[in-house]
Amino acid sequence: MARVCELTGKSVATGHKVSHSNHKTKRKFAPNLISAKLFSSMLKQNFTFRLAASTLRTIDYRGGLDQFLMRSKNGKLTTLAKKIKKKISLNNNQC
């Protein structure tokens, strides 16, 4: 399974490990992924995701999964997140 956040698409980044003598060698920066079950209050449904810890903090800051998805731009979301966002917006318009 790929080390990618399922909502934001944050993935492995590359860079250099720099020694004291300033010798640079390649290394990888893996995202801190956490399996989390989030509840959508609009859809009355639980969703299970592998999220980066930073994404989980942002969801908590914005007030939940629904508010996070509605305030996020579609360009920054994965296809799964866009589908859930569309369901939420359709459900929001029906109410």
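Below, the structure is looked at part by part. Remember, it's a predicted structure, so these values are computed and weren't measured experimentally.

## Concerning the nonpolar core
Reasoning step 1: With 17 residues, the main nonpolar core has Leu7, Phe49, Leu51, Leu65 and Leu69 as its most contacted residues.
Reasoning step 2: Mapped by element, the contributors of at least two residues to this core are β3 (33-40), β4 (45-52), α2 (65-71) and α3 (79-94).
Reasoning step 3: Considering each element in turn, this core owes the most residues, four residues, to β4.
Reasoning step 4: Discounting residues that sit within four places of it in the chain, Phe49 has contacts with Glu6, Leu7, Ile34, Ser35, Ala36, Leu38, Leu65, Leu80 and Ile84.

## Section: the side chain of Ser40
Reasoning step 1: Turning to its location among the elements, Ser40 is positioned in strand β3.
Reasoning step 2: If we ignore the near neighbours within four places in the chain, the residues touching Ser40 are Gln45, Phe47, Leu65, Asp66 and Ile88.

Rules and cut-offs
- Residues numbered from 1 in each chain as written.
- Predicted model: local features only at pLDDT ≥ 70, side-chain atom pairs only at ≥ 80, totals over all residues.
- Heavy atoms only, no water.
- Core = buried A, V, L, I, M, F, W, Y, C linked by side-chain atoms within 4.5 Å.
- Buried < 20%, exposed > 50% of the residue type's maximum accessible area, 1.4 Å probe, protein only.
- Helix = DSSP H or I, 4+ residues; strand = E, 2+ residues; numbered from the N terminus.
- Contact = heavy atoms within 4.5 Å.

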